[in-house]
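Secondary and tertiary structure notes
Residue-level listing of the chains:
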Amino acid sequence: MHAIEEIIKSALEQKLLDDKSTVIGIMDYDGLEQTVTQLHDSFPPYFSHAFAVKANPLVSVLAKLRELGMLAEVASPGELELSLAAGFAPTEIIFDSPTKTWSDLETCIKHGISINMDNEQELARVDALMQKYPNSISTVGFRINPQVGAGGISSTSTATSTSKFGYALRDEGKYEYIIQLYKDRPWMTSIHTHAGSQGCALELIGEAIKSIVDLAEAINQQVGYQQITKLDIGGGLPVNFDSDEVRPTFADYVRVLHKIVPNLFSGKYHVKTEFGRAITAKNGCMITKVEYVKQSGGRQIAQTHVGVQVATRTIYLPKDWPLRVIAFDSSGNRKTSYNHVTDVGGPCCFSGDLVAKGRDLPVLESGDYLAVLDTGAYYFSAHFDYNSIPTTRVFAISKRNEVISFDCIREESTMQELVIRMGANHAVSDSAKKSPQMLWQQNETVIA
Ligand SMILES: *Cc1c(COP(=O)(O)O)cnc(C)c1O
């Protein structure tokens, strides 16, 4: 990621923030290139790497990652269409959802999209579809819940004994049964696990992967040839949100895996990964204007535009997802002396709408700017409609000849789109207007 000071100054020079565009998202494409290069350099060549689209579904970001050699992991028809729009071929896509419909499954099997099945009832549907499309080139296998336990954040731990995800490997009789399911279906050539994300220790993820490698070896031994040729070890590399340092690195992860699951590196398997957060989180940030500053009960309160619409997880689970907030004056110079207890509020109407609470920040004034760091995954790309605030405008940046250029990769949603999406075309009352006037949007008078 380029230095935040430089990004802010360039954004201000280009007047990217104004009275109507009050918060912007930034994706650093030079940083993305570096991250993906490190990813490829850290793993052996028989690994390929899918990007978990939910972490940042902006089409331009997906297209960039494809250009950098990644595949796509999707979990819904919407994410599938976004990936196709970004240029991924069906065979470059993995479809992982715990609740696939008949049409999801048929779309995948017909077009050669890989699927990781969640349960035996899903398998019954896939059996039927395999008869309909006997020449399907989809890679098919089960998602295993290795039941190795939870990490530090329950909402992102997927390998607990009662997790809703995958086939519960350690429940009674299940191990032998799944081996039989594979034996009966030579077209099932892959096994998947995704043990969890932020808050999970690398060792826990390693143990989960060991469960599927051991299962693969057991199946191959029992059928007498190498039926399982592919392993999909999921994503979930945690990200540190407290400094610019990238910790853990992909290389750290590979070292842990070498120790816990040496067979993963035998070269016998084609291994896929599905990282999301670790690819984009530290290559994105948000910039907002400080609209007002006041004192309340001895505390500095800054009213800004970063609220629950763009920082949903942080605002509902502030202890699990804290974000760094850096202050700049109206010319983009970094402020110092972080010694004023401050709440940074968003624009939404509930008192918990604070991106930082009781945090030491410099003395702030109206017209300052705040940068909220490490938000390239699951933030401005995962808009929440509370208070009907538009989606955040996002720019891709890259530096050429010492100059940072900004390309808009997602516009703010317009008031027209909002009104239609909220059902204006279905309003029953006579006074409801099918083409409302958009007073706010027409307003040009801004006193600076
Ligand atoms: C969310 C998810 C990922 C990516 O998780 P990150 O923590 O963002 O790396 C990968 N695979 C599956 C199946 C997922 O649900």
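Note that the coordinates shown come from a computational prediction; the quantities given were computed from them, not determined experimentally. Residue numbers here run from 1 along each chain, matching the order of that chain's written sequence. Only residues with pLDDT of at least 70 get local features here, since the model is predicted, and only at 80 or more are side-chain atom pairs given and counted; chain-wide, interface and lining totals rely on the full set of residues. Hydrogens and water molecules were not included; the side-chain quantities draw on all heavy atoms of the structure.

Here's the deal with the environment of Pro318
Each helix is a run of H or I in the DSSP string that is no shorter than four residues. Each strand is a run of E no shorter than two, and both are numbered from the N terminus. Along the chain, the position of Pro318 falls in the loop between α11 (312–316) and β14 (325–328). Between the C-alpha atoms of Pro318 and Val355, which are 37 residues apart in sequence, the distance is 7.8 Å.

A look at the pairing of strand β8 (residues 188–192)
Buried means the residue's accessible area, taken with a 1.4 Å probe over protein chains only, is under 20% of the maximum for its type, while exposed means over 50%, and partly exposed covers the values in between. For β8, the buried fraction is high: five of the five residues fall into the buried class. Two elements, strand β6 (residues 140–145) and β8, share four bridges in a ladder whose sense is parallel. Note that in β8 the partner of Phe142 across the bridge is Ile191. Across three bridges, the pairing between β8 and strand β9 (residues 230–232) is parallel. If you follow Ser190 over to β9, its bridge partner there is Lys230. The rule for pairing is simple: two strands pair if DSSP sees at least two bridges between them.

Quick word on the packing of aromatic side chains
Ring pairs are drawn from Phe, Tyr and Trp, using the six-membered ring of Trp, whenever the two centres fall within 6.5 Å, and their geometry is named by plane angle: stacked under 30 degrees, edge-to-face over 60, tilted for the rest. Counted under the stated rule, the structure contains 15 aromatic pairs. Each ring, one from Tyr316 and one from Phe350, has its centre 5.9 Å from the other, and the planes form 20°; the classification is stacked. Of this pair, Tyr316 sits in helix α11 while Phe350 sits in the loop between β15 (340–345) and β16 (354–361), and the two are 34 residues apart along the sequence. Judged by relative accessible area, which is 44%, Tyr316 ranks as partly exposed. Three or more aromatic residues link up through ring pairs in this structure, and these residues are Phe43, Tyr46, Phe47, Phe250, Tyr253, Phe265 and Phe275. Note on geometry: a ring has a charge over it if NZ (lysine) or CZ (arginine) is within 6 Å of the ring centre and within 35 degrees of the ring normal. Here the guanidinium or amino end of Lys174 rests over the ring plane of Tyr167, the centre of that ring lying 4.7 Å away.

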